[in-house]
Each structure stands twice: as structure tokens, then as C-alpha cells.
Amino acid sequence: MNAIPKPLIGQAVVNVSLSEFETSKTTLLTYYAERVKLKQARFKERLVLVPQIDLARYRLETLIDFVVFHVTLTAPSQFQYLQAFLAPLVTGSVAVHPLDATSSSSKNFAVTFQDPKGSEVRAALRALSGKWKLADDLHVAELEVSCDWYPKDEGEDQLVLLAGVLQKHFLPAKFDFSRHAALPRVAFTALDASGAKKTETLRLIEPKSRRGIYRSSYVDGTTYFGAREDSVFWRIMIKKTNERKSLTDFVALPYEEWRVRMEVNFKTVSLIRIGLRTLDDLLNFKFEKLRKDHFGFYLATVPCGQDNENDPFGRSYGNSLLEAFIKTGVVGVAHAEMRLFEFEQTKAKRHGTPMSKNLNSMKKMLSHRNGSRIAFEKINERIESSLRRLRF
């Protein structure tokens, strides 16, 4: 893998392979290198990699996939009574689960509304509190917000291209690379020795050695950022099924409902942080506030080729970042930059030498919120506009 030579600026520089595990099919996503037009010093002698995809060929919808409320009653009851009472009051589905697993009766319940409508949920919960006395105010315990991209043109290649772009260019704000369980991974369907379907998981980043190990995702799998038990985690996938209960028990969607989906799952800690604790909070919430920290897409920048191959921040450095991007995307570049900086910083301390000019420049770049990345405005603006129209 070579750093990008200056004569190729503005030309197609690399085709990224988007692989499907089940069919072994590969679709090529072409990138062009362009000079960074921003004036900040951290972008000096760097090129931005721009995917060749027309976002106007996709329709975007944002929605609340589900919301979970925790309800505490003054006296024990059984979940099926609450569920039977609530089900006729909403058009979407509702599920009630006791939070005390040791008894058939409970005072504490999780009430999940799927595809919720705010006015219906408000009326249903008000009716619930009128029939059962509540010991405390109910609160929002979990929320999932989704972005669905529908291709306007026929052909699965359009789904694959956009899924690849979203996987390659998403990076959560302040992502914690030190937590191994939170590192990006892909879950996909494989066959065991008997031919039965099973779920396999492949980690896309292994924080080993100076540079790290980077792998490509499968576009027909589900790419995760963050651990499922975290207060917030993300999923990106091509959605062709619904109501999936297992690898073989699901509802196949008609072709016109196939889409690329991004899901953001919020639990209690993150909900409190963004100001969503009560039903009133949810009813009045402006969802566009979520875009910056939770729906952030970026373009990667890499150094131009330089002559001094012995310089850790020269050609070999550019090669490392380009390889990390091709395999894992922007999140791979962010991790590679961090690992390379830590390695060179540790080496300088061990030898008792001051940090070089390049090392100091790298430190300043990494301290910036976006590092060496540039906001992918064409995606970010579409999502923010759609979130602005979303209300509970």
C-alpha cells in the first residue's frame, strides 16, 4: 500500500472492496483524493478521501424505533394484566416485562412501545396511572432512534454502496478506544459444520503492536460501535427483515422496503446526559440535538507521499493511515493515529529526547475534537434536517 503521490490528486486513487460474506460478492467503492481546502495547520500537506456516491439517489427517514419506560406501582401486579390493558390503546406493539425476576408478581415493570406515537403513549400511560396507583414518576429507561436510507433506484448495489459508506465514515464522538469490548465489530451469519446457521463476530480493530490490526467489515452483516451493555451503542446494517427472533424466525420485507439502517440505542445514563428523563422531556425534545455527538460522519485525510521513508510521520505513516482507512474506515484512521503517536512518544521518553516538531504537530492535531478528520457535511446535513422533523 503506497502513500498517495501528488500527481494523482483529483484522480481515482483507490477502489475499496465492499464484501458480502454470504454470497462472497464484492462491490467496489471508488475514492478520489482532493486537496484539503481548509486553512488549519493540521491539514497541511494532507489529502481528503471522497467516496464517489450520489446521496440524492437515496430517501432518508428518521424514526423512533422503540421507547422503554420504567413503571413502579404501589402494590404488586402481574405483567400480563398491564399488557392486556395497554395493548388496545396504541397502534404499535407494546410489551410489559417485570423487573423483579424472582416472583410472578412485581411492583416494577419495563413497558416497551414499538413504533410509538407520542400522543398515544401519553394517553396510554395516563390511563395506566389512573387504573394502577404509581409509587413514583415513570421515567424513560431506553430509547432507540433510527435513520433509514431507501434507494430510489433498483438494484442491491445501491444498498451495498451506501452501507459501505456509512460503515467507513462513522465515528462516535469521544470514542473510547481503550475499551476492547467497545471497539467496532461485525456480526454476520455463517454455517457450522452441520450446515446450520450461526452468528459469528469479527472484531475490526485489534489494538496490538505499534500500528494495530485492521479488518474490513461485511456489508451484509451488522456493524457495531460500542458494547451492547453501554449507555449508548450504534448499529449499521442492510435491513431486509423485520421482527427477527432468531436466525431462522423473521419476517422478510418486500423489496421496496429494503434499506440501509443506522440505529442508536440510548440507555439511562446517556438519556440523563442528553436531557431525556421523563415523558414530558421526550414530548418536547428536539432530536436534531443528537446529530453532533451521535450521528457524526467524517471524511478521512491522509498525508501526501514524502521522500523520507525513515520519518515515522512521512511515507510509512501515510501508508499506515491509508491501509487503516481502506480496511476499517475513519475509525481505523483515528485509532492508527493514536497508536502511532503513543508509540513515538514512548520511544522519545525512553531515549530521553524531546518531542520532534512532527510529534508536537501530531499531539496538537489529536487534541482537536475532529483530529485529522473533516466533517462529511453531505451526510451530516441530511441527517440533521431529518432529525429536525422528528418529534415524539
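Coordinates for the structure precede this section.
In this report, we go over the structure that sits alongside the text. (Residues numbered from 1 in each chain as written. Predicted model: local features only at pLDDT ≥ 70, side-chain atom pairs only at ≥ 80, totals over all residues. Heavy atoms only, no water.)

Right, let's get into the environment of threonine 328. Looking at the secondary structure, you find threonine 328 in helix α7 (residues 315-328). By relative accessible area, threonine 328 is classed as buried at 4%. Each C-alpha atom, one on threonine 328 and one on glutamine 167, is 8.2 Å from the other, the two residues being 161 residues apart in sequence. Beyond its immediate sequence surroundings of up to four residues, threonine 328 is in contact with Gln167, Lys168, Leu204, Ile205, Tyr214 and Arg215. (Helix = DSSP H or I, 4+ residues; strand = E, 2+ residues; numbered from the N terminus. Buried < 20%, exposed > 50% of the residue type's maximum accessible area, 1.4 Å probe, protein only. Contact = heavy atoms within 4.5 Å.)

So, on to the side chain of serine 270. With respect to the element layout, serine 270 can be found in helix α4 (residues 268-274). Residue class for serine 270 comes out buried when judged on its relative accessible area of 2%. Within the structure, serine 270 has its side chain in polar contact with the backbone oxygen of lysine 267 (distance 2.8 Å). (Polar contact = N/O pair within 3.5 Å; in protein donor to acceptor, adjacent residues only side chain to side chain.)

Looking now at the pattern of salt bridges. According to the stated counting rule, one finds 18 salt bridges in the structure shown. Linking arginine 391 and glutamate 288 is a salt bridge whose minimum nitrogen-to-oxygen distance equals 3.4 Å. With arginine 391 in the segment after α10 (377-389) and glutamate 288 in the loop between α5 (279-284) and α6 (291-294), this residue pair connects regions lying 103 residues apart in the sequence. Since its relative accessible area comes to 16%, glutamate 288 is described here as buried. Between glutamate 384 and arginine 291 there is a salt bridge; the shortest N-O distance is 3.7 Å. One end of the pair, glutamate 384, is in helix α10; the other, arginine 291, is in helix α6, and 93 residues separate them in sequence. Owing to a relative accessible area of 28%, glutamate 384 belongs among the partly exposed residues under this scheme. The exposure class assigned to arginine 291 is buried, which follows from its relative accessible area of 13%. What emerges from the salt-bridge pattern is a single network uniting Asp65, Glu144, Asp148, Arg235, Arg259, Arg261 and Glu263. (Salt bridge = Lys/Arg side-chain N within 4 Å of Asp/Glu carboxyl O.)

With that settled, consider the pairing of strand β7 (residues 139-151). By the criterion of burial, β7 is predominantly enclosed, with eleven of the 13 residues buried. Bridging between strand β4 (residues 58-77) and β7 involves twelve bridges; their strand directions are antiparallel. Pairing of glutamate 61 across the sheet is with aspartate 148, part of β7. Note that β7 and strand β16 (residues 259-267) share eight bridges and pair antiparallel. If you follow tryptophan 149 over to β16, its bridge partner there is valine 260. (Pairing = 2+ DSSP bridges.)

Located in the positive-phi region is serine 24, a residue other than glycine, with phi close to 65 degrees. Considering the arrangement of structural elements, one finds serine 24 in the loop between β1 (12-19) and β2 (26-35). On the basis of relative accessible area, serine 24 is assigned to the exposed category, the value being 60%. Non-glycine residue lysine 174 carries a positive phi angle of around 55 degrees. Checked against the element boundaries, lysine 174 lands in the loop between α3 (156-169) and β8 (185-191). The exposure class of lysine 174 is exposed, given its relative accessible area of 80%.

Over the atoms rolls a probe the size of a water molecule, and its path tells where empty space is left. All told, the structure shown has one cavity of 30 Å³ or more when counted by the stated rule. Taken as a whole, the largest cavity spans an internal volume of roughly 100 Å³. If you go around the largest cavity, you meet 15 residues; those closest to its centre are Gln167, Lys168, Ser217, Lys327 and Thr328. Residue assignment for the lining of the largest cavity shows that the elements contributing at least two residues are β1, α3, β12 (222-225) and α7. The element that contributes the greatest number of residues to the lining of the largest cavity is β1, accounting for three residues. Split into classes, the residues belonging to the lining of the largest cavity amount to six nonpolar, seven polar and two charged. (1 Å grid on protein atoms, 1.4 Å probe; cavity = no way out; pocket = protein on both sides within 12 Å on 5 of 7 lines; lining within 4 Å. Points joined across faces, edges and corners; volume = space filled by probe spheres on them. Nonpolar A, V, L, I, M, F, W, Y, C, P; charged D, E, K, R; others polar.)

Let's shift gears to the environment of alanine 124. As for its placement among the helices and strands, alanine 124 is situated in helix α2 (residues 118-131). Residue alanine 124 is classed as buried on the basis of its relative accessible area, which comes to 0%. Linking alanine 124 and histidine 368, residues 244 residues apart in sequence, is a C-alpha distance of 46 Å. Residues within four places of alanine 124 in sequence aside, it is in contact with Leu86, Leu89, Val90 and Phe113.

None of this, on its own, says anything about what the molecule does.
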